[in-house]
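What follows is the residue order along each chain.
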Amino acid sequence: MLNHLTALDSLRAQASQGEIKAAQALVDQVAPRMIRIVRRVIRTREVQTTLDRRILLEAQRALEQMTQQGQGNNRELLIERVAENLCQRIYQRANRGETPTTNFTPEDTTRLI
């Protein structure tokens, strides 16, 4: 576990310096965890952290778009879209040279790693 945290910290630092490959590698590492977190928050609708609030807001927006596009209430598609959008934000922040997990509480960051 410690090696994993060290590797993620290294990727996060490299991504913050604008290294695109490191940003993508960080997202690749975070994405499976993000999907699990999104799935749990959508299922329980419990808000314990800032990330949980973001997930529910993003889910509401994505569900509205899906309904307008005639995709109905496909829960797995909703989970995938929300997780993808949140991971994309991490990637975009990293590409701008910002800390990829800016605005995440320590609890949110811990859940992602």
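Quantities reported herein were computed from a predicted structural model and do not represent experimental measurements.

Asks: What is the right way to read the overall build of the chain from this model?
Replies: Across its full length, the chain holds five helices and zero strands. Going from the N terminus to the C terminus, the chain shows its helices and strands as α-α-α-α-α. Counting every position in the chain, which comprises 113 residues, the buried fraction comes to 36%. Nonlocal contacts in the chain, meaning residues at least 24 apart in sequence, comprise 60% of its contacts between residues at least 6 apart. Carbon and sulfur atoms provide 49% of the accessible area of the chain, an area that totals close to 6700 Å².

Asks: Help me understand helix H3 (residues 50-68), please; the structure alone is not making it clear to me.
Replies: Think of an α-helix as 3.6 residues a turn; residues three or four steps apart then line up on the same face. An ideal rise of 1.5 Å per residue puts 27 Å on 19 residues; H3 measures up with 27 Å between its terminal C-alpha atoms. All of the buried residues along H3 are Leu51, Asp52, Arg54, Ile55, Glu58, Ala59, Ala62 and Met66. Mapping the buried residues of H3 onto a view down its axis gives an arc of 145°, with all of them on the same face. In H3, the exposed residues that point more than 90 degrees away from the buried face are Thr67 and Gln68. The N-capping residue of H3, defined by a side-chain oxygen 3.3 Å from the backbone nitrogen of Leu51, is Thr49. Within two residues after H3, Gly70 carries a phi angle of roughly 75°, on the positive side.

Asks: Would you take a moment to explain the packing of helix H2 (residues 20-44) against H3 for this structure?
Replies: If you want to describe how two helices pack, look at the angle between their axes and the distance between the axes. At their nearest, the axes of H2 and H3 sit 10 Å apart, and the two run at 75° to each other. Judged on the interaxial angle alone, H3 and H2 are roughly perpendicular. Taking contact as the criterion, the partners of Met34, Ile37, Val38, Arg40, Val41 and Ile42 in H2 are, on H3, Leu51, Asp52, Ile55, Leu56 and Ala59. Counted by class, the contact of H2 with H3 contains nine nonpolar, no polar and two charged residues.

Asks: Would you mind showing me how to read the nonpolar core here?
Replies: The nonpolar side chains of a soluble globular protein tend to be buried with one another. Counting residues in each nonpolar core, the largest one holds 27 residues, and the members touching the most others are Met34, Val38, Ile42, Ile55, Leu78, Val82 and Leu86. Element by element, the count of residues in this core is highest for H2, at ten residues. Apart from the residues within four sequence positions on either side, Ile55 is in contact with Ile37, Val38, Val41, Ile42, Val82 and Leu86.

Procedures and definitions
- Residues numbered from 1 in each chain as written.
- Predicted model: local features only at pLDDT ≥ 70, side-chain atom pairs only at ≥ 80, totals over all residues.
- Heavy atoms only, no water.
- Helix = DSSP H or I, 4+ residues; strand = E, 2+ residues; numbered from the N terminus.
- Buried < 20%, exposed > 50% of the residue type's maximum accessible area, 1.4 Å probe, protein only.
- Contact = heavy atoms within 4.5 Å.
- Areas by Shrake-Rupley, 256 points an atom, 1.4 Å probe, with all protein chains shown as cover.
- Expected span 1.5 Å × (residues − 1).
- Arc of directions from axis to C-beta.
- Polar contact = N/O pair within 3.5 Å; in protein donor to acceptor, adjacent residues only side chain to side chain.
- Axes fitted to C-alpha atoms, helices over the stretch in contact; angles between N-to-C directions.
- Parallel < 35°, antiparallel > 145°, perpendicular 65-115°, else oblique.
- Nonpolar A, V, L, I, M, F, W, Y, C, P; charged D, E, K, R; others polar.
- Core = buried A, V, L, I, M, F, W, Y, C linked by side-chain atoms within 4.5 Å.

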